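Chain residues, written in single-letter form:
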Amino acid sequence: MTKDLQEDNKKISEDMMISDEVYMTSGVHIGTRQKTADMKEHIYKVRNDGLYIIDINKTDQKINIAAKFISKFNPENILVVSVRQYGQKPIRKLSEYTGIKVLDGRFRPGTLTNPSAKGFIEPELLIVTDPLADSQALDEARNIGIPVVGLCDTNNELKYIDIVIPTNNKGRRALALVYWLLSRAILKENGKIKSYENFKPTVEDFEAEI
Amino acid sequence: MKKAEKCISCGKGLIERGSTTFICPNCDTKIGRCNSCREQNVKYHCQECGFIGP
Ligand SMILES: [Zn+2]
Ligand SMILES: [Zn+2]
């Protein structure tokens with residue numbers, strides 16, 4: 001591990017789903033220059049360059065918890081969204097491997113609230129890649145009273161988020177890794193794979209093209 | 001799923017729009033959160049397993 005990464009590294013617990021080095025080389029821990037009060041407990045420190053650093057122990061724990069939670073639902077009743085471009089391929093891959101419904105790109109108003117809208121669906125759980133960018137979907141989930149899992153960066157508020165996964169939610173590689181880990185953990189939780197080694201896709205398969 | 005009767009954090013009834021009910025991610029207890037606790041990011045504690053969310 002390079003010195004830079006070591007400096008960002010907090011004391012790491014032994015039983016993470018993947019090594020801390022993979023998290024860190026993917027930039028999962030790199031937040032933004034903004035910190036919200038809501039995200040304070042998920043932030044480990046601020047770096048000299050002003051970037052807030054996310055506690056990847058928490059990221060790891062919460063991916064695990066989110067996977068358990070998501071597994072309680074029929075995948076057909078879950079919707080994952082990402083207005084952010086770098087989240088779109090990762091969520092399509094999540095959908096491909098788990099059967100969760102996907103809406104990448106612009107979220108048409110009324111999709112969850114207006115039965116006569118084109119593409120109207122009635123999910124029981126929403127997953128947002130960024131509560132800020134995906135605010136339309138989040139707002140509609142609020143209106144219909146369904147729980148929400150959110151990937152949240154240091155600049156996000158946790159309004160209407162019921163399970164938070166603290167992570168860099170902007171980076172190409174970070175989003176690929178988090179959705180790859182989530183897919184793998186969901187399949188394991190559902191009994192579709194016996195162990196993590198049985199999950200064949202690579203993180204690169206989840207990564208958006210530049 | 002049948003709605004929880006009250007908010008796990010503040011005890012208010014879940015009548016307002018924006019409230020939700022779900023199963024604790026860590027065990028199988030039903031958890032209700034009211035609109036204002038969700039809006040203000042008030043933490044919830046599962047009484048069965050001790051999970052603290054969000
Ligand atoms: Zn409440
Ligand atoms: Zn619980």
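The structure this text deals with has already been given above.
Description of the structure in this document. (Residues numbered from 1 in each chain as written. Chains lettered and ligands numbered in written order. Predicted model: local features only at pLDDT ≥ 70, side-chain atom pairs only at ≥ 80, totals over all residues. Heavy atoms only, no water.)

**Here's the deal with the interface of chain B and chain A**
With 21 residues of chain B at the interface, the matching set in chain A holds 20 residues. Between chain B and chain A, a total of about 1,700 Å² is buried, with carbon and sulfur atoms accounting for 48% of that surface. Three residues stand out in chain B for area buried against chain A, namely Pro-25, Arg-38 and Pro-54 of chain B, and they jointly supply 34% of the buried area on that side. Connecting chain B to chain A are 18 residue pairs in polar contact (both at pLDDT 80 or more). Put simply, the parts of the chain that give the side of chain B that touches chain A at least two residues each are strand S1 (20–23) and helix H1 (35–39) of chain B. Among the elements that take part in the side of chain B that touches chain A, S1 of chain B stands out by supplying 4 residues, more than any other. When the residues that make up the side of chain B that touches chain A are grouped by side-chain class, the tally is 8 nonpolar, 7 polar and 6 charged. (Contact = heavy atoms within 4.5 Å. Buried area = accessible area lost by both parts, 1.4 Å probe. Polar contact = N/O pair within 3.5 Å; in protein donor to acceptor, adjacent residues only side chain to side chain. Helix = DSSP H or I, 4+ residues; strand = E, 2+ residues; numbered from the N terminus. Nonpolar A, V, L, I, M, F, W, Y, C, P; charged D, E, K, R; others polar.)

**Thoughts on the coordination of the zinc ion (ligand 1)**
All names here are of chain B. Within the protein, the zinc ion (ligand 1) binds to Cys-7 (SG), Cys-10 (SG), Cys-34 (SG) and Cys-37 (SG); these donor distances fall in the range 2.3 Å. Sequence spacing of the donors to the zinc ion (ligand 1): C-x2-C-x23-C-x2-C. Overall, Cys-37 belongs to the buried group, its relative accessible area being 6%. (Donors = N, O, S within 2.8 Å, 3.2 Å for Na, K, Ca; no water. Buried < 20%, exposed > 50% of the residue type's maximum accessible area, 1.4 Å probe, protein only.)

**Observations concerning the layout of surface pockets**
When its volume is computed, the largest pocket comes out at roughly 380 Å³. Surrounding the largest pocket, 19 residues form its lining, Gly-145, Ile-146 and Pro-147 of chain A together with Thr-20 and Thr-21 of chain B being those nearest its centre. Elements that contribute at least two residues to the lining of the largest pocket include exactly helix H5 (135–144) of chain A together with S1 of chain B. The biggest single contributor to the lining of the largest pocket is S1 of chain B, with 4 residues. Split into classes, the residues belonging to the lining of the largest pocket amount to 7 nonpolar, 6 polar and 6 charged. Forming the walls of the second largest pocket are 17 residues, and the residues nearest its centre are Glu-41, His-42 and Lys-62 of chain A together with Lys-43 and Ile-52 of chain B. Of all elements in the fold, only helix H3 (56–70) of chain A together with strand S4 (52–53) of chain B reach the threshold of two or more residues within the lining of the second largest pocket. With 4 residues, H3 of chain A is the single largest residue contributor to the lining of the second largest pocket. (1 Å grid on protein atoms, 1.4 Å probe; cavity = no way out; pocket = protein on both sides within 12 Å on 5 of 7 lines; lining within 4 Å. Points joined across faces, edges and corners; volume = space filled by probe spheres on them.)

**As for the pattern of salt bridges**
Residues and elements named next belong to chain A. Scanning all chains against the criterion turns up 15 salt bridges over all chains. Among the salt bridges present, the one from Lys-93 reaches Glu-96, with a minimum N-O distance of 3.2 Å. Here Lys-93 pairs with Glu-96, and both are found in helix H4 (residues 85–98), just 3 residues apart, close to one helical turn. Between Glu-157 and Lys-159 there is a salt bridge, and its shortest N-O distance comes to 4.0 Å. Its relative accessible area of 34% is what places Lys-159 among the partly exposed residues. (Salt bridge = Lys/Arg side-chain N within 4 Å of Asp/Glu carboxyl O.)

**Details of the side chain of Ser-95 of chain A**
All names here are of chain A. Tracing the backbone shows Ser-95 in helix H4. Since its relative accessible area comes to 16%, Ser-95 is described here as buried. The residues touching Ser-95, leaving out its near neighbours within four places in the chain, are Ile-100 and Val-102.

**Section: the pairing of strand S4 (residues 101–104) of chain A**
In regular strands, side chains alternate between the two faces of the sheet. Residues and elements named next belong to chain A. Across 4 bridges, the pairing between strand S3 (residues 78–82) and S4 is parallel. Bridging from a neighbouring strand, Leu-79 pairs with Lys-101 of S4. Each parallel crossover has a hand, and the one from S3 via H4 to S4 is right-handed. (Pairing = 2+ DSSP bridges. Right-handed = clockwise from strand over helix to strand, strands pointing away.)

**A closer look at the packing of H3 of chain A against helix H6 (residues 172–189) of chain A**
Residue and element names in this part refer to chain A. Packing of H3 against H6 brings their axes to within 8 Å, and their N-to-C directions diverge by 50 degrees. In terms of orientation, H3 lies oblique with respect to H6. The two elements H3 and H6 cross, and the hand of that crossing is right-handed. Across from Ile-63, Ala-66, Ala-67, Lys-68 and Ile-70 in H3, the residues of H6 making contact are Val-178, Leu-181, Leu-182, Ala-185, Ile-186 and Glu-189. Its residues assigned to classes, the contact of H3 with H6 comprises 9 nonpolar, no polar and 2 charged. (Axes fitted to C-alpha atoms, helices over the stretch in contact; angles between N-to-C directions. Parallel < 35°, antiparallel > 145°, perpendicular 65-115°, else oblique. Left-handed = near helix turned anticlockwise from the far one by under 90°.)

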